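Here is what each chain is made of, one letter per residue.
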Amino acid sequence: MADTHLFEIDGSVLEGGGQILRMALCFSVLTKTPVRIRNIRQGRKKPGLAAQHLAGVELMRDICQGRLYKACLGSTEIEFYPGHIEHGRFVGHIQTAGSITLLLQATLPVAIFSSGPVTLELRGGTNTDLAPQVDFLTEIFRPNMERFGASFDFDLIRRGYFPKGGGQCVIEVRPVQSLRPVTMVDVGSVTRLFGWSYVAGVLPLKIAHEMSSGAKSILKEIANSRADIEVYKESMDMAPEGNCSGIIIGCETSTGAILGGSALGEARKKSFQSGEEAAHEIQSAISVGACVDRHVQDMMIILMALADGTSRIRTEPLTMHTKTAIYVTELMTKAKFNIIEGNGSAIIECVGIGLRNINLPKNTTSY
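Bear in mind that the values here come from a model prediction, so they are computed numbers and not experimental data.

A.B. asks: An account of the sheet that holds strand β16 (residues 345-351) is needed here, citing residue identities and associated values.
C.D. replies: The 4 strands are arranged β9-β14-β16-β15 in an open sheet whose pairing can be described as mixed. Across the chains shown, the open sheet's two edge strands, defined by having one partner strand only, are β9 (183-184) and β15 (336-342). When β9 meets strand β14 (residues 310-315), the two strands line up parallel, connected through 2 bridges. Bridge assignment links T183 to a residue of β14, and that residue is R312. Sheet strands in contact with helix α9 (residues 320-332) are β15 and β16, and its direction is about 150 degrees off that of β15.

This is the structure we're talking about:
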């Protein structure tokens, strides 16, 4: 049963949302530290665990054969006792349009330190507000993760939109012995601009064309190279219910940096403007010489912390999500961060803890 020998985490600090919960559970499993997390999502209009967060903590419990107490919809406090990271197939089913990508973000660092291949079957929202779209995670975040020496395969079965959800994807993760540190401080020059602009349901293809045009109007200011944006309508098989529109764009540079921008269409906003906003995110990063965009920025913190050595990444000024990620990381591990600010950018330096995968046989080939 629950006891008092728990590492206490206050979920109301800084960002005050689900990120503290996700990162605390992640480090709990990786460092084998039992935790009590209180004031969960205190900074939100409806505090406590929503369906997405509940599915996340239950999935984390299953992956490590841990014990979980006080977790139910609306809980503002949970106790979590991690066990051994298992391999095999695990299901995370959000009963709403809650974000699949946030579920994956939380479990990926744990899965790469498992004892064997991990298959994650996740159900919920694939392209939703206030979270990365699944396409952003696979096309922009994944190449950045691969620099650390880890990756994942992603199979999209069905898309899920607000309010019903119903999306489904299968992720295959191969474990690694350790993560290598990265140095990403020189963005170089833009060599390729690419992306996808889509509509689903009853929305006309014209909306996707307008978003693409809006993005291209900004991207032409970044580089001479033409932006290759695919415009399409989702099939009924892939998106059987719900209406949605969105755009995901990427930028590749001569030093191998991959930056991204994205937006969802909104009824109260012109489609052209949504495209412009997605492109502005890339323009903003390139203008200060950033090697990762503001959305990938906070996702890199846990990888830098676990890596075996010192990592340096130039990015835009730190977001609140990144500041929160650093706070939880330094609270729960011996990783040390140093931020060097100047000329509109910031270099994040981190001496990683060099976590070794004790669950994996030494002669195993990883990613």
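A.B. asks: Quick rundown of empty space enclosed by the protein? Include the residues and the values.
C.D. replies: All chains considered together, the criterion is met by 1 cavity of 30 Å³ or more. When its volume is computed, the largest cavity comes out at roughly 90 Å³. Elements that contribute at least two residues to the lining of the largest cavity include exactly α1 (18-31), α2 (51-63) and α3 (100-111).

A.B. asks: Quick one: what's the story with the sheet that holds strand β2 (residues 35-38), residue by residue and with numbers?
C.D. replies: The pairing of strands in a sheet happens through backbone hydrogen bonds and is either parallel or antiparallel. Taken together, 4 strands build an open sheet; the order of strands is β1-β2-β4-β3 and the sheet is mixed. Of all the strands in the sheet, just β1 (7-10) and β3 (67-69) have a single pairing partner and so form its edges. Shown here is a sheet whose adjacent strand axes are inclined to one another by a mean of 15 degrees, direction ignored. With 4 bridges joining them, β1 and β2 adopt parallel strand pairing.

A.B. asks: Would you mind going over the environment of I207 in detail, with residue names and values included?
C.D. replies: Mapped onto the fold, I207 is located in helix α5 (residues 205-219). C-alpha separation for the pair I207 and V231, spaced 24 residues apart in sequence, amounts to 9.6 Å.

A.B. asks: Describe the packing of aromatic side chains, with residues and values.
C.D. replies: A complete count under the given rule lists 3 aromatic pairs for this structure. Pairing Y69 with Y81 gives two aromatic rings, centres 5.7 Å apart and planes at 90 degrees, and the pair type is edge-to-face. Pair noted here: Y69 is in strand β3 and Y81 is in strand β4 (residues 78-81), with a separation of 12 residues, a long-range link. A relative accessible area of 6% means that Y81 is categorised as buried. When the ring of F194 is compared with that of W196, the centres are 5.9 Å apart and the planes differ by 80 degrees; the resulting orientation is edge-to-face. According to the relative accessible area criterion, F194 is buried, its value standing at 8%. The ring centre of F194 lies 4.1 Å from the NZ or CZ of R192, which sits over that ring.

A.B. asks: Run through the pattern of salt bridges, naming residues and quoting values.
C.D. replies: Taken as a whole, this structure holds 21 salt bridges when the rule is applied. A salt bridge links E15 to R44, with the nearest nitrogen and oxygen atoms 2.4 Å apart. Here R44 lies in the loop between β2 and α2 and E15 lies in the loop between β1 and α1, a separation of 29 residues in the sequence. Here E266 ties to K269 by a salt bridge, and the two come within 3.1 Å at their closest N and O atoms. Each member of the salt-bridge network shares a partner with another, and the members are E8, R36, R38, K70, E77 and E79.

A.B. asks: Pulling in residues and values, what's your account of the pairing of β2?
C.D. replies: For the handedness criterion, the β-α-β arrangement of β1, α1 and β2 is classed as right-handed. As paired elements, β2 and β4 share 3 bridges and run antiparallel to each other. Considered in β4, the bridge of R36 is made with E79.

A.B. asks: Explain the pairing of strand β12 (residues 244-253) to me, using residue names and the numbers behind them.
C.D. replies: By the criterion of burial, β12 is predominantly enclosed, with 9 of the 10 residues buried. Pairing between strand β10 (residues 190-200) and β12: 10 bridges, direction antiparallel. In the strand pairing of β12, F194 is matched with G250. Both β12 and strand β13 (residues 258-264) contribute to a ladder of 7 bridges, which runs antiparallel.

A.B. asks: Quick one: what's the story with helix α6 (residues 271-287), residue by residue and with numbers?
C.D. replies: Helix length check: α6, at 17 residues, gives a terminal C-alpha distance of 24 Å against a target of 24 Å (1.5 Å per residue), a fit within 8%. The secondary structure elements touched by the buried residues of α6 are α5, β12, β13 and α7 (294-297). One or two residues past the end of α6 sits G289, with phi positive at roughly 75 degrees.

Reading the values: the criteria
- Residues numbered from 1 in each chain as written.
- Predicted model: local features only at pLDDT ≥ 70, side-chain atom pairs only at ≥ 80, totals over all residues.
- Heavy atoms only, no water.
- Pairing = 2+ DSSP bridges.
- Helix = DSSP H or I, 4+ residues; strand = E, 2+ residues; numbered from the N terminus.
- Contact = heavy atoms within 4.5 Å.
- Axes fitted to C-alpha atoms, helices over the stretch in contact; angles between N-to-C directions.
- 1 Å grid on protein atoms, 1.4 Å probe; cavity = no way out; pocket = protein on both sides within 12 Å on 5 of 7 lines; lining within 4 Å.
- Points joined across faces, edges and corners; volume = space filled by probe spheres on them.
- Phe/Tyr/Trp six-rings, centres within 6.5 Å; stacked < 30°, edge-to-face > 60°.
- Buried < 20%, exposed > 50% of the residue type's maximum accessible area, 1.4 Å probe, protein only.
- Lys NZ or Arg CZ within 6 Å of the ring centre and 35° of its normal.
- Salt bridge = Lys/Arg side-chain N within 4 Å of Asp/Glu carboxyl O.
- Right-handed = clockwise from strand over helix to strand, strands pointing away.
- Expected span 1.5 Å × (residues − 1).

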